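Notes for the structure review
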2 protein chains.
Amino acid sequence: MPSFNFTIHHKEKQARTGIITTAHGEIRTPAFMPVGTAATVKGMLPESVRATGADILLGNTYHLMLRPSAETVAKLGGLHRFMNWERPILTDSGGFQVMSLSKLRKITEDGVTFQSHIDGVTHHLTPERAMKIQRLLDSDITMALDECTPYPASEEDAAASMRLSMRWAERSKAAFTTRSGYGLFGIVQGSVYPNLRKESAEVLKKIGFDGYAVGGLAVGEGQDLMFRVLDDTVLHLPETHPRYLMGVGTPSDIVGAVLRGVDMFDCVIPTRSGRFGRAYVEGGELNIKNACHAEDNNPVDATCTCPACTHYSRGYIHHLFKAHEMLGPILLTWHNLHYYQNLMARIRAAITAGNFTEFAKTFLGVQNREK
Amino acid sequence: MPSFNFTIHHKEKQARTGIITTAHGEIRTPAFMPVGTAATVKGMLPESVRATGADILLGNTYHLMLRPSAETVAKLGGLHRFMNWERPILTDSGGFQVMSLSKLRKITEDGVTFQSHIDGVTHHLTPERAMKIQRLLDSDITMALDECTPYPASEEDAAASMRLSMRWAERSKAAFTTRSGYGLFGIVQGSVYPNLRKESAEVLKKIGFDGYAVGGLAVGEGQDLMFRVLDDTVLHLPETHPRYLMGVGTPSDIVGAVLRGVDMFDCVIPTRSGRFGRAYVEGGELNIKNACHAEDNNPVDATCTCPACTHYSRGYIHHLFKAHEMLGPILLTWHNLHYYQNLMARIRAAITAGNFTEFAKTFLGVQNREK
């Protein structure tokens, strides 16, 4: 089994491209991880997700611990076998969904107690339990348990929340079983406060992780502030380790974050947008449900090589959405994931060629013009 | 362009196997046509439907005339191009759905006036309009407009309804544009009355069609009565032409009807059952939502080579249905279509080998034991 490892192949200013090696294979960075919340990327066969160019998927600990349970997934061969994805998987720790989805949650030093949003059953999640669950799922990349600080937060609240997350990070590290090819990431918190972000990064570095995530962003603060916090945070993270911006984002978020040295992303935007009829095209989005597409024989994007654009007209996909046919969401999810993976491939190629700064300038310019 | 043509290769008593040649390719008979109601087999990519072994799909004139309209489909290249299925397509005439789905319908000698179940807009369907619509859709096999006689019906009502359908059949034939490779089928009606079925078959033969369908069955009369009516009807149909039993059926319905000389079938059972969690396995069905499957690491059917059975456990598919994930219906639809097409392949092979009578006896025995 190879060691968990990150090799940087090319750098251009802060941006870098490389390979993360895991127990289930390699991840080309910068990488976008499609979200497979409940052990499936909604509407997609795993081989189709792979065909878009994805090297790694994200699974949600919160959803899987509630249904079907980590123990059931383990009994059925672990998450890779369960969902027929034999490549790398990262699982979040559940902290974010506990905050955003569960009911009656109560946070103590020990952990968080909450009621399932599915059946109301009470669960208790601690750093130790989060490690156990992710081990049962057999995640290649395990995330430390953190409290996702609500936004906005006063500096005092943000500091208290971040320091709790740091104590949980230390317990996560202690409870994590080291295995060759498997990695554990810490999560930087601290809201929008540079001194707190610095403190958090320093604590995590001292504990020592295989990678460092930036949490608590893309929660309503806006792109400008997100980029500013990122500038203040990445500065304090080790050059040598993967950096993961959690839950981000739009194409321009991603390009801007890669400029700032981020290597990994996950987001429900491409899949959720696709299910709701929105398709990414160069420079913006289109809503296939708009009446103007009803008799349009052109593909969603004439430059795109995904199956939706190769075989079907806008008029047909418009019809599928109007008729509430599953194939509509399936085709646009596929298209959007293809768009995102193609964007990542272009980003990696630009960094390799040394013209990513130029690429980003053009790309962000186009995106802004379309707004 | 080849002529529309039916060649019988092998016969065993009433059962036969052969090839129907159409403008968009060949259909191996006995054939099962998956239903693509609104220009999509729900949840399936057309290449996946093809991979199960389907040679031909059925499209619903009623649904397509209402949404997106036959004119829109024509503008977007015809139904084959529209839905990316370049193989044969049969469209029903809309008669059955007008009866079962529309509101405020009024039948006159001229045709049927009804309100769309989607938006309440009033439509008028005549034999001439049904031919025009199916021409716009570019169906390889067009069905004459008929009134689907409700069940049960008195002999008097059944006779009046059948005779109206026969006058519509004559007008359908007159309005149908003959093109090489395209066929028009007439539909035998007459409810459960042998004399009416005979009269209907005789009228249709005199008009002259490329194939003969048996309509008005599988509407609640039960399998025994359906088989009896089929015995009374097939007798009066020409040996040389394809016979199509509309809207049928279960695996045992199909095997029993092939024994009685039927060549073509369509039914929503495999796709609808799949969407609701029911999977066909040899000798019966299973409901994947049952709790007994939650931790079952076996495939739905260990003898099946479909993607659902090759790559996934019952436990995983159970989880997908519990979590309301699209992939659950997708996988079981695929499995059921594979089961049906595999059944048709076994039927064709048995007729070719001259042991279909034996096959049917065993198959129907197994099905009955499971009931």
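1. Concerning the overall build of chain A
When helices and strands are tallied, chain A shows 15 helices and 16 strands. Over its C-alpha trace chain A gives a radius of gyration of 20 Å, about what one expects of a compact globule, namely 21 Å for 371 residues. When the backbone C-alpha atoms are referred to their principal axes, chain A occupies close to 60 × 45 × 45 Å. Within chain A, buried positions represent 56% of all 371 residues. Long-range contacts, defined as pairs at least 24 residues apart, comprise 66% of the intrachain contacts of chain A with a sequence gap of at least 6.

2. Looking at the relation of the copies chain B and chain A
Once chain B has been moved 0.0 Å along the axis and rotated by 180°, it coincides with chain A to within an RMSD of 0.0 Å. Interpreted geometrically, this transformation is the action of a two-fold axis. The C-alpha atom lying nearest the rotation axis in chain B is that of B:Met326; the distance is 3.9 Å. Same-surface contact between copies: 100% of interface residues of chain B are shared with the interface of chain A.

3. Here's the deal with the sheet that holds strand S1 (residues 5-12) of chain B
Residues and elements named next belong to chain B. Taken together, the three strands give an open sheet; going across it, the order is S1-S2-S3, and neighbouring strands pair in antiparallel fashion. Edge positions in the open sheet fall to S1 and strand S3 (25-29), since each of these has one partner strand only. If you compare each strand with its neighbour and ignore which way they point, the axes differ by 15° on average. With seven bridges joining them, S1 and strand S2 (residues 15-22) adopt antiparallel strand pairing. Bridge pairing in S2 places Ile8 opposite Gly18.

4. Quick word on unusual backbone geometry
Cis rather than trans, the peptide bond between A:Tyr151 and A:Pro152 has omega equal to -5°. Within the element layout of this structure, A:Pro152 appears in the loop between strand S10 (141-143) and helix H7 (155-175). In this model, B:Arg67 is joined to B:Pro68 through a cis peptide bond whose omega is 10°. Relative to the helices and strands, B:Pro68 resides in the loop between helix H2 (61-66) and helix H3 (70-75). Positive phi, normally seen in glycine, also occurs at A:Asn84, with a value near 60°.

5. Observations concerning the sheet that holds strand S9 (residues 122-125) of chain B
All names here are of chain B. Judged by pairing direction, the sheet is antiparallel, and its three strands sit side by side in the order S7-S8-S9 without closing on themselves. Bordering the open sheet on either side are strand S7 (103-107) and S9, each of which pairs with just one other strand. Going from strand to strand, the sheet's axes swing by 15° on average, the running direction of each strand aside. Summarising the sheet, S7 and strand S8 (residues 112-115) pair through three bridges and their orientation is antiparallel. Paired with Lys106 across the two strands is Thr113, which belongs to S8.

6. Quick look at the domain arrangement of chain A
Residues and elements named next belong to chain A. What the domain assignment lists for chain A is domain 1 (5-267) and domain 2 (268-371). Using C-alpha coordinates to define each centre, domain 1 is positioned 26 Å away from domain 2. Contacts between the two partners involve 31 residues from domain 1, matched on the other side by 28 residues from domain 2. A per-element tally of the side of domain 1 that touches domain 2 places helix H10 (residues 251-259) first, with seven residues. Split into classes, the residues belonging to the side of domain 1 that touches domain 2 amount to 16 nonpolar, ten polar and five charged.

7. Some thoughts on the packing of helix H6 (residues 127-137) of chain A against H7(A)
Residues and elements named next belong to chain A. One way to put it is that H6 packs onto H7 with a least axis distance of 8 Å and a crossing angle of 45°. Classed by the angle they form, the pair H6 and H7 counts as oblique. Crossing hand, H6 versus H7: right-handed. Across the interface between the two elements, Pro127, Glu128, Ala130 and Met131 of H6 pack against Trp168, Arg171, Ser172 and Ala175 of H7. Its residues assigned to classes, the contact of H6 with H7 comprises five nonpolar, one polar and two charged.

Reading guide: rules and limits
Residues numbered from 1 in each chain as written. Chains lettered and ligands numbered in written order. Predicted model: local features only at pLDDT ≥ 70, side-chain atom pairs only at ≥ 80, totals over all residues. Helix = DSSP H or I, 4+ residues; strand = E, 2+ residues; numbered from the N terminus. Rg over C-alpha atoms; globule rule 2.2 N^0.38 Å. Buried ≥ 20, exposed ≤ 12 C-beta atoms within 10 Å, placed from the backbone. Contact = placed C-beta atoms within 7 Å. Least-squares fit on C-alpha atoms with pLDDT ≥ 70 in both. Pairing = 2+ DSSP bridges. Axes fitted to C-alpha atoms, helices over the stretch in contact; angles between N-to-C directions. Domains from an automatic or database assignment. Nonpolar A, V, L, I, M, F, W, Y, C, P; charged D, E, K, R; others polar. Parallel < 35°, antiparallel > 145°, perpendicular 65-115°, else oblique. Left-handed = near helix turned anticlockwise from the far one by under 90°.

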